[in-house]
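Read off the chains here:
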Amino acid sequence: MSQQVDTRIDTWAGQIAGLPRIVRMLIAGVIALLSAGLASQIGSLVLGPSTMTNVNSATTLLLLAGAGGLVAYIVGWWLLIGFSGEPHLPPSRRAVYFLVYGVLAVAAVVIWLVISFVFASLPPEIPI
């Protein structure tokens, strides 16, 4: 069973390597945007409801989201494309794990949107 999973991951890594460079760049960018959104939502949960009214909290939240997105983009670029000066290696198993992280980020954003929509559509008589 373990060898079958390893072979499947290696196959996916080969398929990622076959993608054009621009597609891999777009994938890294989309995952970075999702990471920034998740960092923003996690930060707003930690900072509390005063996030939008307090300038310091809003600035902290913005910096947190920007840092989360930037880190995700740099890691995605490194795993999916590579930096100049490095030996040109095709994307490896780590690239597959980064894409799995991206799929989990999409799932988390969709769940967050559904929960937000449910709370927003509640009648005002129901306390949250």
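That block above? That's the structure.
A short tour of the structure in this document, coming up. (Residues numbered from 1 in each chain as written. Predicted model: local features only at pLDDT ≥ 70, side-chain atom pairs only at ≥ 80, totals over all residues. Heavy atoms only, no water.)

### Comments concerning the packing of helix 2 (residues 21-47) against helix 3 (residues 55-80)
Next, step 1: Axis separation between helix 2 and helix 3 bottoms out at 7 Å; the angle between their running directions is 150 degrees. What the angle tells us is that helix 2 and helix 3 run roughly antiparallel. Viewed along their axes, helix 2 and helix 3 form a crossing whose handedness is right-handed.
Next, step 2: Looking at side-chain class alone, the contact of helix 2 with helix 3 contains 15 nonpolar, 10 polar and two charged residues. (Axes fitted to C-alpha atoms, helices over the stretch in contact; angles between N-to-C directions. Helix = DSSP H or I, 4+ residues; strand = E, 2+ residues; numbered from the N terminus. Parallel < 35°, antiparallel > 145°, perpendicular 65-115°, else oblique. Left-handed = near helix turned anticlockwise from the far one by under 90°. Nonpolar A, V, L, I, M, F, W, Y, C, P; charged D, E, K, R; others polar.)

### Digging into the side chain of Arg24
Next, step 1: Looking at where Arg24 falls in the secondary structure, it is placed in helix 2.
Next, step 2: The buried category is assigned to Arg24, whose relative accessible area is 11%.
Next, step 3: Of the polar contacts made by the side chain of Arg24, one reaches the backbone oxygen of Leu19; its length is 3.4 Å.
Next, step 4: Setting aside chain neighbours within four positions, we find Arg24 in contact with Ile16, Leu19, Leu80, Ile81 and Pro91. (Buried < 20%, exposed > 50% of the residue type's maximum accessible area, 1.4 Å probe, protein only. Polar contact = N/O pair within 3.5 Å; in protein donor to acceptor, adjacent residues only side chain to side chain. Contact = heavy atoms within 4.5 Å.)

### Some remarks on the packing of helix 3 against helix 4 (residues 93-120)
Next, step 1: Running from amino to carboxyl end, helix 3 crosses helix 4 at an angle of 145 degrees, the nearest separation of the two axes being 8 Å. Considering only the axes of helix 3 and helix 4, their crossing is left-handed. For the pair helix 3 and helix 4, the contacting residues are Ala72, Val75, Gly76, Trp78, Leu79 and Leu80 in the first and Arg94, Ala95 and Phe98 in the second.
Next, step 2: Partitioning the contact of helix 3 with helix 4 into residue classes produces seven nonpolar, one polar and one charged.

### Points about the environment of Leu38
Next, step 1: The topology assignment puts Leu38 in helix 2.
Next, step 2: It is 9.1 Å that separates the C-alpha atoms of Leu38 and Gly69, two residues lying 31 residues apart in sequence.
Next, step 3: With near-sequence residues (within four places) excluded, Leu38 lies in contact with Ala105, Ala108 and Val109.

### Details of the pattern of salt bridges
Next, step 1: For the structure on display, the rule yields one salt bridge.
Next, step 2: Between Asp10 and Arg93 there is a salt bridge whose closest N-O contact spans 3.2 Å. With a gap of 83 residues between them, Asp10 in helix 1 (residues 2-17) and Arg93 in helix 4 connect regions that are remote in the sequence.
Next, step 3: Take Arg93: its relative accessible area is 27%, and that puts it in the partly exposed class. (Salt bridge = Lys/Arg side-chain N within 4 Å of Asp/Glu carboxyl O.)

### Concerning the environment of Trp78
Next, step 1: Position of Trp78 relative to the elements: it lies in helix 3.
Next, step 2: Note: C-alpha distance between Trp78 and Ala95 (17 residues apart in sequence) is 9.0 Å.

### A look at the environment of Ala17
Next, step 1: Summarising the element assignment, Ala17 is placed in helix 1.
Next, step 2: You can call Ala17 partly exposed: its relative accessible area is 31%.
Next, step 3: Sequence separation between Ala17 and Pro91 is 74 residues, and the spatial gap between their C-alpha atoms is 5.4 Å.

Everything listed here is a matter of geometry and, on its own, says nothing about what the molecule does.
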